[in-house]
Amino acid sequence: MSRGRVHQVLATLGYGDAIGHEVLGINRVLRDAGYESEIFVETADRRLEHLTTDYLEMVGAVAADDVLIHHFSIGSRASRTAYALPGRMALVYHNITPPEYFLGVHKDLVKLCFRGRRELTAYVARCELALGDSEYNREELEALGFPATGVLPVVPDFAHLDLPPNTMTSEKFDDGWTNIMFVGRVIPNKKFEDVIRAFHVYRTRYNPRSRLLLVGSHGGFEKYLAMLHALVARLGTPDVHFLGHVSNEELTALYDVADLFLCASEHEGFCVPLIESFYKQVPVLAYAATAVPATMDGGGVLYDAKDPFEVARVMQAMLDNPDIEDAVVASQDAALDRLRQKDFAGTLLRYVDQVRAAPAHPAPEVPYDFWPMFDQAERLEELRQFRPAIYRALPALENLGSR
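Residues numbered from 1 in each chain as written. Predicted model: local features only at pLDDT ≥ 70, side-chain atom pairs only at ≥ 80, totals over all residues. Heavy atoms only, no water.

Let us now look at the pattern of salt bridges. Counted according to the given criterion, the structure contains 20 salt bridges. E268 is the partner of K190 in a salt bridge, and the nearest nitrogen-oxygen pair spans 2.8 Å. Residue K190 is found in the loop between β8 (178-183) and α5 (192-205), and its partner E268 is found in the loop between β11 (260-263) and α8 (272-279); the two are separated by 78 residues along the sequence. Residue classification places E268 among the buried residues on the basis of a relative accessible area of 6%. (Salt bridge = Lys/Arg side-chain N within 4 Å of Asp/Glu carboxyl O. Helix = DSSP H or I, 4+ residues; strand = E, 2+ residues; numbered from the N terminus. Buried < 20%, exposed > 50% of the residue type's maximum accessible area, 1.4 Å probe, protein only.)

Rendered as structure tokens:
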């Protein structure tokens, strides 16, 4: 007998990414616990489409006594549809990168991130519970005014790294040289330029037989990639390899040849590659920003100043002393054990019980022009922040409606 209905809604279900793994994990836990549970999406990877239902089918299918687990991203039709439906709502926030990181690099993403962060505030009164996948994300939700918040821990699934390695890419790097690696999408908040500068100093001062492997898609960020190539040319640093998007089999082979994982990212909601490195026993040196210290949980080595000479000195200390390297890897093993011991299923079901204890939620009253007016307010706020001269030239707000 069904315990009730608890559905998930999100814009896109991707294959092999952290959010996709979490959504599928939540679905398994809910069904194993006796809940009816569907995954409503706008789009899905073709390999996962059979596990999903079109978001438009939520209309008429979701009742006041149901629970919607809403994975919020940069605004979407699925999100706005879910907002207007009956049913209690738990929001899961995976974080949106602050738009200022994309100024001068990707103007469309500046707008999307700005509007996504603004749209998140519309759900403060709509949700019974708002969950971050890290304490950093939970604190951001609390600061936005969500009255009930919590942390739904990320327990990564490493099955994608247990596949037989494909050494087609990595074999040329398996030659006794020292391989410094970073994994992440080539976007400005990841601060690839800081990784490159630290590597340049390390290679120049300490180890000329070293190379830098940068793994991650640059799609949509060709301008940023060109800036990074220009930096490499100015520094005159050889052996910097932009490897782009790789398969899971290629990724695990690259971890196998990596000697150090170097992260300089300034904004992370969790940062799964750090934990992947722990799993593959690659020592990690990471900048202590946003969610990174909590994700590492005492494993690896953190640094808090972006001085490339100091970072290179720490890199040398970690790579030149086997005892230090062994101690770092041991700290990562312990942190990974703590993460894997977290009771993801029990925590999720307790949150579901908390939401279900709230009164049944009828469909909210959403005026026909609610989202258009919300969008207009976003555009005005965007002008105020990023184009202040134009904003000041606008007529007084009370006069806008008479024109």
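Having seen the structure, we can now continue with the description.
Our next topic: the nonpolar core. By size, the foremost hydrophobic cluster in this structure holds 91 residues, and its most contacted members are M58, Y123, F261, L262, L274, L285 and M315. Counting residues per element, this core draws most heavily on α5, at seven residues. Not counting chain neighbours up to four residues away, the residues in contact with L262 comprise I180, M181, F182, V195, A198, L285, Y303, V311 and M315. (Core = buried A, V, L, I, M, F, W, Y, C linked by side-chain atoms within 4.5 Å. Contact = heavy atoms within 4.5 Å.)

Quick look at the sheet that holds strand β6 (residues 129-132) now. Pairing in this open sheet of seven strands is parallel, and the strands run β3-β2-β1-β4-β5-β6-β7 from one edge to the other. The open sheet terminates on both sides in strands that have one partner only, identified here as β3 (53-54) and β7 (149-151). Alignment of strand β4 (residues 67-72) against strand β5 (residues 88-93), held across six bridges, turns out to be parallel. What sits directly across from V67, in β5, is R88. Strand contacts of helix α4 (residues 135-144): β5, β6 and β7, with the helix running at about 175° to β7, the strand carrying the most contacts. Across the face of the sheet, helix α12 (residues 344-356) comes into contact with β1 (6-13), β4, β5, β6 and β7 while running at roughly 160° to β6. (Pairing = 2+ DSSP bridges. Axes fitted to C-alpha atoms, helices over the stretch in contact; angles between N-to-C directions.)

What follows concerns the side chain of S170. With respect to the helices and strands, the residue S170 is situated in the loop between β7 and β8. A residue is classified by how much of its surface remains accessible, and S170, at 2% relative accessible area, is buried. Not counting residues up to four positions away in its chain, the partners in contact with S170 are A253, L254 and V257.

On to the pairing of strand β9 (residues 210-215). For β9, a buried count of six out of six residues is recorded, marking the element as mostly surrounded by other parts of the structure. With six bridges connecting them, β8 and β9 associate as parallel partners. Across the sheet, the residue bridging to T178 is S210, located in β9. Crossover connection from β8 via α5 to parallel β9: handedness right-handed. Both β9 and strand β10 (residues 240-244) contribute to a ladder of four bridges, which runs parallel. (Right-handed = clockwise from strand over helix to strand, strands pointing away.)

Compared with an ideal rise of 1.5 Å per residue, which puts 15 residues at 21 Å, helix α1 (residues 18-32) spans 21 Å between its outermost C-alpha atoms and is within 8% of the ideal. Considered for burial, the residues of α1 that qualify are G20, E22, V23, G25, I26, N27, V29 and L30. Where α1 is buried, its residues touch β1, β2 (39-44), β4, β5 and α12. Positive phi shows up at G34, right after α1, with a value of about 100°. (Expected span 1.5 Å × (residues − 1).)

So, on to the packing of aromatic side chains. A complete count under the given rule lists eight aromatic pairs for this structure. Each ring, one from F102 and one from F221, has its centre 5.8 Å from the other, and the planes form 45°; the classification is tilted. Placement of F102 in the loop between β5 and α3 (107-120) and of F221 in the loop between β9 and α6 (222-235) is noted, with a sequence separation of 119 residues between them. In this structure, F102 and F221 share a single accessibility class: buried. (Phe/Tyr/Trp six-rings, centres within 6.5 Å; stacked < 30°, edge-to-face > 60°.)

Attention now goes to the sheet that holds strand β13 (residues 301-303). Backbone-to-backbone hydrogen bonds pair the strands of a sheet. The strands run either parallel or antiparallel. One open sheet accounts for six strands, arranged β10-β9-β8-β11-β12-β13; its pairing is parallel. Both outer strands of the open sheet, β10 and β13, are each paired with one neighbouring strand and no more. The average undirected angle you get between the axes of adjacent strands in this sheet is 25°. In the sheet, strand β12 (residues 284-287) pairs with β13 via three bridges, with the strands oriented parallel. Each residue of the ladder has a partner; that of Y287, found in β13, is Y303.

This prediction gives the protein a mean pLDDT of 90; 91% of its residues lie at or above 70. Across residues 397-403, where pLDDT falls below 50, the model places three contacts with residues more than four positions away in sequence or in other chains. (pLDDT = per-residue confidence, 0-100.)

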